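# Close look at the chain arrangement
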There are 6 protein chains.
Amino acid sequence: MNKKVITFGEILLRLTPADNFSFEQAPACEKSFGGSEANVAVALAGYGMNSVYVSKLPDNIIGQAALNALRRYGVDTSFIARGGSRVGMYVLEKGFSPCSAVCTYDRADSAMSQACPKDFNWRKIFDRADWFHFSGITPALSPTLARICLSACKAAKEHGLTVSCDVNYRSKLWDMEKASAVMRQLCRYVDVLIVNEEEAKVLGADMTEEDPVSGFHRQIEFLQKNYPCSVIAAVARLNDNTAAQAVIWDGTIRYSQVYPLHTVDPVGAGDAFCAALIYGIIHRMHTDELINFAAAACALKHGIKGDFNLASVDTVRQLMKNNGHTGVQR
Amino acid sequence: MNKKVITFGEILLRLTPADNFSFEQAPACEKSFGGSEANVAVALAGYGMNSVYVSKLPDNIIGQAALNALRRYGVDTSFIARGGSRVGMYVLEKGFSPCSAVCTYDRADSAMSQACPKDFNWRKIFDRADWFHFSGITPALSPTLARICLSACKAAKEHGLTVSCDVNYRSKLWDMEKASAVMRQLCRYVDVLIVNEEEAKVLGADMTEEDPVSGFHRQIEFLQKNYPCSVIAAVARLNDNTAAQAVIWDGTIRYSQVYPLHTVDPVGAGDAFCAALIYGIIHRMHTDELINFAAAACALKHGIKGDFNLASVDTVRQLMKNNGHTGVQR
Amino acid sequence: MNKKVITFGEILLRLTPADNFSFEQAPACEKSFGGSEANVAVALAGYGMNSVYVSKLPDNIIGQAALNALRRYGVDTSFIARGGSRVGMYVLEKGFSPCSAVCTYDRADSAMSQACPKDFNWRKIFDRADWFHFSGITPALSPTLARICLSACKAAKEHGLTVSCDVNYRSKLWDMEKASAVMRQLCRYVDVLIVNEEEAKVLGADMTEEDPVSGFHRQIEFLQKNYPCSVIAAVARLNDNTAAQAVIWDGTIRYSQVYPLHTVDPVGAGDAFCAALIYGIIHRMHTDELINFAAAACALKHGIKGDFNLASVDTVRQLMKNNGHTGVQR
Amino acid sequence: MNKKVITFGEILLRLTPADNFSFEQAPACEKSFGGSEANVAVALAGYGMNSVYVSKLPDNIIGQAALNALRRYGVDTSFIARGGSRVGMYVLEKGFSPCSAVCTYDRADSAMSQACPKDFNWRKIFDRADWFHFSGITPALSPTLARICLSACKAAKEHGLTVSCDVNYRSKLWDMEKASAVMRQLCRYVDVLIVNEEEAKVLGADMTEEDPVSGFHRQIEFLQKNYPCSVIAAVARLNDNTAAQAVIWDGTIRYSQVYPLHTVDPVGAGDAFCAALIYGIIHRMHTDELINFAAAACALKHGIKGDFNLASVDTVRQLMKNNGHTGVQR
Amino acid sequence: MNKKVITFGEILLRLTPADNFSFEQAPACEKSFGGSEANVAVALAGYGMNSVYVSKLPDNIIGQAALNALRRYGVDTSFIARGGSRVGMYVLEKGFSPCSAVCTYDRADSAMSQACPKDFNWRKIFDRADWFHFSGITPALSPTLARICLSACKAAKEHGLTVSCDVNYRSKLWDMEKASAVMRQLCRYVDVLIVNEEEAKVLGADMTEEDPVSGFHRQIEFLQKNYPCSVIAAVARLNDNTAAQAVIWDGTIRYSQVYPLHTVDPVGAGDAFCAALIYGIIHRMHTDELINFAAAACALKHGIKGDFNLASVDTVRQLMKNNGHTGVQR
Amino acid sequence: MNKKVITFGEILLRLTPADNFSFEQAPACEKSFGGSEANVAVALAGYGMNSVYVSKLPDNIIGQAALNALRRYGVDTSFIARGGSRVGMYVLEKGFSPCSAVCTYDRADSAMSQACPKDFNWRKIFDRADWFHFSGITPALSPTLARICLSACKAAKEHGLTVSCDVNYRSKLWDMEKASAVMRQLCRYVDVLIVNEEEAKVLGADMTEEDPVSGFHRQIEFLQKNYPCSVIAAVARLNDNTAAQAVIWDGTIRYSQVYPLHTVDPVGAGDAFCAALIYGIIHRMHTDELINFAAAACALKHGIKGDFNLASVDTVRQLMKNNGHTGVQR
């Protein structure tokens, strides 16, 4: 069952100051690439899916390096448009408790943010495809991209694909008002919705004034009533970022186990969750297995450097079984 | 309010074995510079103060590199005397629990330890200055430096500066007897005294045979009676070095919150505390804000590589507000 | 009392992906060498013993580098046979909780696994020697090596040496049946037996169906009855690998303190335990001191990169005294 | 014209001591992958060809890393068989004049050397393919592989492919007698033969006792008479490895220009030559253009780290035009 | 004679792939900063001048790191405006013969390119200053900056400063027509003109159809007639970039010696030439000394990593004396 | 013929700025150890000699690391006295043409410079030894060491050892007058004298005002008349440090071939020459073979990082045979 999953978004050059220095101190930065949907695409390819990433990259050494980073992990890059001026970039300073990790973005005017409808031939892209995934970052990049996302969603439904969306609200890219206008429209085409308590406001589910637990339950209630989705899921870091737990609604609400974390790299854990969720639904995992698989994948990502979750299905399953570490595997 | 603060001490070449190796194993060492007062000077410059560091450095590539390390962070180095034969050095092996971090010094005969009175023109140095800071390491370097410190203290008071001193007793540099003789004399000119329970003995406040808490209170009582200082402060690591808390007396005794720690680099945390204390007093923070600002700065330093505390005022304030980590800042 | 200890085993090239990357991601791997008995030999040389390591290495740059790694730490390498085709190798991916560390071996057809009896002249090797140590890995490498081990054990007893064996069962090298047949024979010559609860089954002590504590006590009872050993010892990691504790029987059963751990490198901790045990017995430590010395050495190894335990006797003793970390040693 | 080229060979893990150290000295080794035919495959993919690499790799992290290294550069890896025990490896010590670069191999018993006929379905592999390339290393790995090569050659001709072979004689893998027996048979199916003066002896063209120039001309004469090939080509380093020049026969003999070299990495230059030759023939370059294109590609490879030639067609053409360096391109 | 020199331009983040890899291959990039005028400013500060660099940098970690890079080497950064969105960036792939070094720029929309007149208070900046230097890159960044440059030139002349300009034509920033219109106007205020044969066309001196030598002489003739400058100078790399030679006209034409080169870093050599020229003129070197000093500084820069020339006056003078290398200085 | 050679001198910590940076720029320094006689000792151990290095090192981590660096390469360190305060150190900035390599020393007050006679028991050291080697650096370290050298020389002759001395005059350690007084006395015990034209003045052979060639011949004449040595040898770098040639007198004067150089590390080449000379004389090479062996060893050292010559006898002989490079050895 080698299903074809299409992801659509922007991939950024990531500079990570080497050796735990701050950017100011660092004599060198580790070079990698990442972005919410690209991270999902890489994880799915690693799980053995036919993973196709759609984006736009300039025809220079930075764009080529981004494309190669995806190919390396088995992602099909044949639908990436080439052109435009630059690859967006961000600096990740890891930070250590009590310091937070800090992302400094320089992504304006990237090739992807300047993409236009003719860069993407959705009919060809969706041919024989099974699933379409995007996050709220993609429509936030430009009004044109918001329109392209809408076309893509419509085309996906026409081709019979399942559509998933990680709301992923980023206040640096757009304000709540603009996000709401766009996302509410897009989410009318979404089957699987990944959205945390804070982000649910974007979709109108702002009822957190009450106690958090029942608040989130009421949000889910609100979302399932107002949107046509059949699955709603979220993951959260607990206990000063030393553990992760996920929740899913697909008729009833189920919680995953609490998985311990040791954070080597905090970025991309939500994307690891989305990818595992997609994989689990495609492979018809039952609800408990599904939410634990997705939560365990999210937990594992914290121990892997870079944006990409490179843990295999076997490794995720092993964590689910062991409920934690097992020392040295010889 | 861009006050001018003078710090006076020795800056050392620091070799830190790269990649968590021990010195013996390490194929390479990270090169940096640090020293108690230099660390204070860098933190103050980073806080936007007019920070002037006074010392002596040889006129070779190692001395120049030390000077550049200070300039990089905005410290005024125009009063650093040039001459003498060598820059002192130390190796820092970080260690991991249950191993301690270990400093191995090779600082004898440094340019600063051989400085003489004519290297420093205190009248020019203190012109339009507001504050003078030194630690007990400076007078420990040589009898001449002890005399120079005394002259500097007297000149500072004549110029109307506030004087602060971090007792910083180092048994490898001098014994308790010599330290007591010198420090008791110097502390007669000190307004702001940073001294922990152990070091208070240097100043005659040796009453720890009783229970620690009341012992320290009695030490403060002793110090305020026997020395003219108006502020006494200290910071301590708690719970196997996983948290920090500070205490201050400026009329009454106040404790800071307990801040969690993740130690990337254990050196310079006390100096970060001193710098934040100086900054807070200059900016007329009220006592509770002051001691929390200083404790938070100390806690943050543990997550920053090298001797220098490079966390900004904003970062310190954010930690005070958050009382801990906040995951990824995007 | 500079006793001569002979260790016999295989040393492997170890590739550790640099900078906490996985092997797949890593642009470079740290190069080191290690192996159960070699690790014991290095620790003993560091403790000041006359430590002689016996093995076989090919006459190429990889074999020479392995030999130099031992010489660097003072091990006598004059009885290492040269010849054969290759040095076995393993990749260590450190892993982070909740990920386990993973060893990937490529050790088939190593020079040592192809060694033959004439490579080792036990009469010369054991001349004026006091102790012979090997682990269950050595006889697992080939049937010939199993026979050589038997000859060595017999020769050791003839020369009046104390013999120690770390059972170290590795299911990738041989199955339980073969291991049992060989190890039960070899252990008839062993005075000091290092064996954990799981491995005790190799020697026929399979009684863990009951509660673990009494199960292990019954195992020890079984072993002391069925084998001529005078000391049985084991060490275990507790609390999700954040602490270590050891147990010894040398007439009565004694437990060590629980030592906290911060794992920089998880490999070689058992070997550090063996070496410290040998050192302690040779130096006639009383039982409590002995088992704490060995447990503390094991705990310290977790903070040292590479296979080798480079902590000195002083450092181990300091940990025993402090029962944990002491911050920065200046 | 996106022709499909099949390459067949072994890819090795390459360890290159970092920072110009020797292996013995090096604390770390750069990790890369390479092998004669894999190098050709990567270069062809970089030239935009549909490049398919056929080999066998074990199903472990080392095998996967090798496969990812190929995917990264756009090589189709879908026909790589998975299984067997290990990836062969070699250490490359770069060396500096007057030192030579030294390769130390540890490749026995690799997965590829133990491959069997059913690992490769030539009918599927050659479907819609245009070209088949292998080097003399592949049949040297095992008698079985020699037979597989013969089957592949026959199948290639049946499918109408052009066949190229780089004789690449390696005395460490087989002796002249065995090599001759196998290669003479295989070369009956070869259209494009890459063979230098020394290697021509393998094919029976041993006539170098005379003056070298006419000797090589007579070798070509011999080869074209005794083998059905239509192109014979070779490249050589001149002037203490500071320049490269190539020669081709495709009816008449033509020499390329002499291209200057600065050797950052000496391995894979011959493979770069083969790949460029294949590209040029497929693109119907005229003889002069062809041999200069191939020689320039070979020259450029010397400036690129690792086994793979990553210089693009544009870069090669630019070198052909400039006949040397042009300083900084802004 | 500690003269005050003002430089005005843009400083970029420079990413240099580490360890001689191409950008695509590189796991990490060295992080540094550079830009034509910033390079001049750093060199002048290193020569002991009062060097003031004027630019605009965003108020984020990248802007701060750029500013610190300048402070480290003693440049006065107090007139750098803070604001705008990003620091421009470029990737430098060093290249090896026969490969060229390649700069890939991503500098659009930088803070400096969006600077406006009120960011720079020329009256304050030029107070007590002696010299003003800029290159043709600054006015190329935006039409506004071209106007600001014109204002700066006029203000500089009003304050009695000497004005120098390095024409530095970059076709990626503006075309010949626009450059000519702007530069011809600006050069009416320039006293010291650095311009090579190719760039002289920007100023109307296009007469290279004849033989190069007399062509350049005629260019100088043209320039001195059409512009009010009193000094014209240029430097060129010779013999495949293995040597450098400079020429100057300050009444008569003089050539420097030919200095050999070993290129560790090819960027910033022209800026090193400008800085040395400015230093030499300020220190009233006679013409022969001046042009040799500037050429030697340019030659030395090739051996120094990064954009900045960190060679001291003594080192430059020593090279002038030695006319080449002298082995190991002990 | 495994002869025992005693070398006596000081070993220093060497810091080499990593990645071709200057010390000022470098974020890290490679850590190694070296010193004239230690370099000879390591080379001799690598040639298979019984090589004993005598020195004094402090009992701290730096001293231990120095000792381990020697053990790693097979040097017998059992006669190294432990004690004193520090290990001397030097920084090596490699430099690139036209820059020179620069050594910056910080070696005053090292443990070795403060050694006293009772640190070395020459009777035990020279027991069954064959050769004693030292350089002029050892007696330059202190008047006490000059006296110890004299005692050692006398004891060496009493025990029937051959004595060799590399004059190695260092003006930073002592002036010509002091050096002459000491060295002329010591050289009365020297059998094999390594001294270049410049250094010969120390021994009174100052006759270079004439043409260099005949001057050096006259120096040799002078030295053989005034000192009891039977061999005099020297090596020189030619052609801007791109080649090396050696000369020897052992009755008649013979020159070596000219060996080409590529300098990766310029330090220790003279010591490599001394070691090869000692090896060659012990192995009774005839004069031509001897001087070529020593010159080739010196040439090879330039391509090896660090102070130590790690090239084997085979590698040296291969260079002698090949008279230059041979490309890739597979």
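Residues numbered from 1 in each chain as written. Chains lettered and ligands numbered in written order. Predicted model: local features only at pLDDT ≥ 70, side-chain atom pairs only at ≥ 80, totals over all residues. Heavy atoms only, no water.

## A few points about the interface of chain C and chain A
Facing the 21 residues of chain C at the interface are 22 residues of chain A. Taken over both partners, the interface formed by chain C and chain A buries close to 2,000 Å², and the fraction arising from carbon and sulfur atoms is 53%. If you look at where chain C meets chain A, you find one salt bridge. The closest approach of N and O atoms between A:Arg72 and C:Glu24, which form a salt bridge, is 3.4 Å. Linking chain C with chain A are six residue pairs in polar contact (both at pLDDT 80 or more). With four residues, strand β8 (residues 101-106) of chain C is the single largest residue contributor to the side of chain C that touches chain A. (Contact = heavy atoms within 4.5 Å. Buried area = accessible area lost by both parts, 1.4 Å probe. Salt bridge = Lys/Arg side-chain N within 4 Å of Asp/Glu carboxyl O. Polar contact = N/O pair within 3.5 Å; in protein donor to acceptor, adjacent residues only side chain to side chain. Helix = DSSP H or I, 4+ residues; strand = E, 2+ residues; numbered from the N terminus.)

## Structural notes on the interface of chain E and chain A
Counting residues at the interface gives 25 residues for chain E, matched by 25 residues for chain A. With both chains or domains summed, chain E and chain A bury close to 2,000 Å², and 64% of this area falls on carbon and sulfur atoms. Together, E:Phe23, E:Lys31 and E:Ile61 form the three largest contributors to the area buried by chain E at its contact with chain A, with a combined 30%. Our count for the contact surface shared by chain E and chain A stands at two salt bridges. Here E:Arg86 makes a salt bridge to A:Asp106, at a shortest N to O gap of 2.9 Å. Elements supplying a minimum of two residues to the side of chain E that touches chain A: β2 (12-17), β3 (28-34), α2 (61-72), β7 (89-93) and β8 (101-106) of chain E. Considering each element in turn, the side of chain E that touches chain A owes the most residues, five residues, to β3(E).

## Focus on the side chain of B:Arg72
The topology assignment puts B:Arg72 in helix α2 (residues 61-72). For B:Arg72, a relative accessible area of 16% corresponds to the buried category. Within polar-contact distance, the side chain of B:Arg72 engages the backbone oxygen of A:Glu24 at 3.0 Å. Here B:Arg72 is in contact with A:Glu24, A:Gln25, E:Asn68, E:Arg71 and E:Arg72, once residues within four sequence places are set aside. (Buried < 20%, exposed > 50% of the residue type's maximum accessible area, 1.4 Å probe, protein only.)

## Comments concerning the state of the cysteines
Covalent bonding between the sulfur atoms of two cysteines defines a disulfide. This structure, assessed with the given rule, holds zero disulfides over all chains. Sulfur of A:Cys187: no disulfide; nearest cysteine sulfur belongs to A:Cys165 and is 4.6 Å away. Assessed through its relative accessible area of 1%, A:Cys187 is described here as buried. Between B:Cys149, a cysteine without a disulfide, and B:Cys153, which holds the nearest cysteine sulfur, the sulfur-to-sulfur distance is 6.4 Å. (Disulfide = S-S within 2.5 Å.)

## With respect to the sheet that holds β2(E)
What the ten strands build is an open sheet, ordered β16(B)-β8(A)-β7(A)-β2(A)-β3(A)-β3(E)-β2(E)-β7(E)-β8(E)-β16(D); its pairing is mixed. Both edges of this open sheet fall to β16 (328-329) of chain B together with β16 (328-329) of chain D, since each of them pairs with a single strand only. Pairing analysis gives three bridges linking β2(E) to β7(E), with the strands arranged parallel. What sits directly across from E:Arg14, in β7(E), is E:Tyr90. (Pairing = 2+ DSSP bridges.)

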